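Survey of secondary and tertiary structure
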Amino acid sequence: DPYRNFLRHIPSTDSINWKLDSCHVGHLLDSVAMLASPRARKVEDLQAVTAEFLIENIDWAFRAWETSKYTRHYTFDDFLHHVLPYRIGHEPLTLWRGKAYQRYAHLLDSAFTPLQVAVDMAMNGGMRYNIGMTKYPYLQSYEEMTASRWGACEEMAAYLALSLRAVGIPAGIDFVAAWANRSSGHCWNILKDTTGKFIEVGYDPNGENRVIYKPSK
């Protein structure tokens, strides 16, 4: 697939970019689109998920849940719905959880709150926004995002949600499907804090989700 091949050779020299007309990644994806159409196909989980895959996912999920200092603030339903799931959307199935846990579990040693963990992941995890990635036709796997470092809002939110789940913090994605005063939409993260409430999280030094456009009704 030319798109997957592009992802393996995505240019690292492009800057963080919010404008399509000056976006090198977007221009390159336009070139790929001229050569080939996306070749996505539907594969049911029942046809692809193995017992070994599920066992490894469950083992790492319980390891994170049982060792996290925040677990006492959550319920088992939080674990089942916002920690245990083995994927965030329709991305390729991979054994991502153990790698993410090994990379980020140490953040819990020094962070006072789950929000601080999320901010540390967002600021130091390496994911960078590039509007050109809105032209990439697939949702990247966790390993692909770790390697490419590029994403639009959907990928960045997916990366942070999976990273938080990997260390036992209940997390997910919220979104605006379409703005009222401009094209496209937006998505961001939510996590459950130690008060038992879900709070918004954005890729901001303070973890704020800055919304400057008008949501549709």
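Everything here concerns the structure above.
Let me sum up the structure you'll find in this document. What you are looking at is a predicted structure, and each value in this text was computed from that prediction instead of being measured. (Residues numbered from 1 in each chain as written. Predicted model: local features only at pLDDT ≥ 70, side-chain atom pairs only at ≥ 80, totals over all residues. Heavy atoms only, no water.)

**Remarks on the side chain of S141**
Basically, it comes down to this: Only runs of H or I of at least four residues qualify as helices and only runs of E of at least two qualify as strands under DSSP, and these elements are numbered from the N terminus. Working definition: with a 1.4 Å probe on protein chains only, accessible area under 20% of the residue-type maximum means buried, over 50% means exposed, and in between means partly exposed. Here, two residues are considered to be in contact whenever any of their heavy atoms come within 4.5 Å of each other.
Within the secondary structure, S141 is located in the loop between β1 (128-129) and α9 (142-148). By relative accessible area, which is 4% here, S141 ends up buried. In contact with S141, not counting residues within four places along its chain, are E91, P92 and T94.

**A short note on the packing of helix α6 (residues 97-104) against helix α10 (residues 153-166)**
To keep things clear, this is the line we draw: Axis angles are defined between N-to-C directions and span 0 to 180 degrees, where every axis is a line fitted to C-alpha atoms and, for a helix, only to the segment in contact. Note on terminology: angles under 35 degrees are roughly parallel, angles over 145 are roughly antiparallel, angles of 65 to 115 are roughly perpendicular, and the others are oblique. Residue type decides the class: Asp, Glu, Lys and Arg count as charged, Ala, Val, Leu, Ile, Met, Phe, Trp, Tyr, Cys and Pro as nonpolar, and the leftover types, Gly among them, as polar.
Where α6 meets α10, the axes come as close as 8 Å, and the angle between the chain directions of the two elements is 80°. Relative to α10, α6 is oriented roughly perpendicular. Contacts between α6 and α10 involve R97, A100, Y101, R103 and Y104 from the former and Y159, S163, R165 and A166 from the latter. Residues that form the contact of α6 with α10 fall into these classes: five nonpolar, one polar and three charged.

**What to know about the environment of R8**
Tracing the backbone through its elements, the reader meets R8 in helix α1 (residues 2-8). Among the residues examined, R8 registers a relative accessible area of 61% and is labelled exposed. When the C-alpha positions of R8 and E144 are compared, they lie 8.1 Å apart, and in sequence the two are 136 residues distant.

**Remarks on α6**
Filter applied, for reference: The arc in question is formed by the directions pointing from the helix axis toward the C-beta atoms.
For α6, every residue scored as buried is listed here: R97, G98, A100, Y101 and Y104. With its buried residues spanning 165° around the axis, α6 presents them on a single face. Exposed and oriented more than 90 degrees from the buried face of α6 are K99 and Q102. Here the buried face of α6 lies against α4 (51-67), α7 (107-110), α8 (114-124), α9 and α10.

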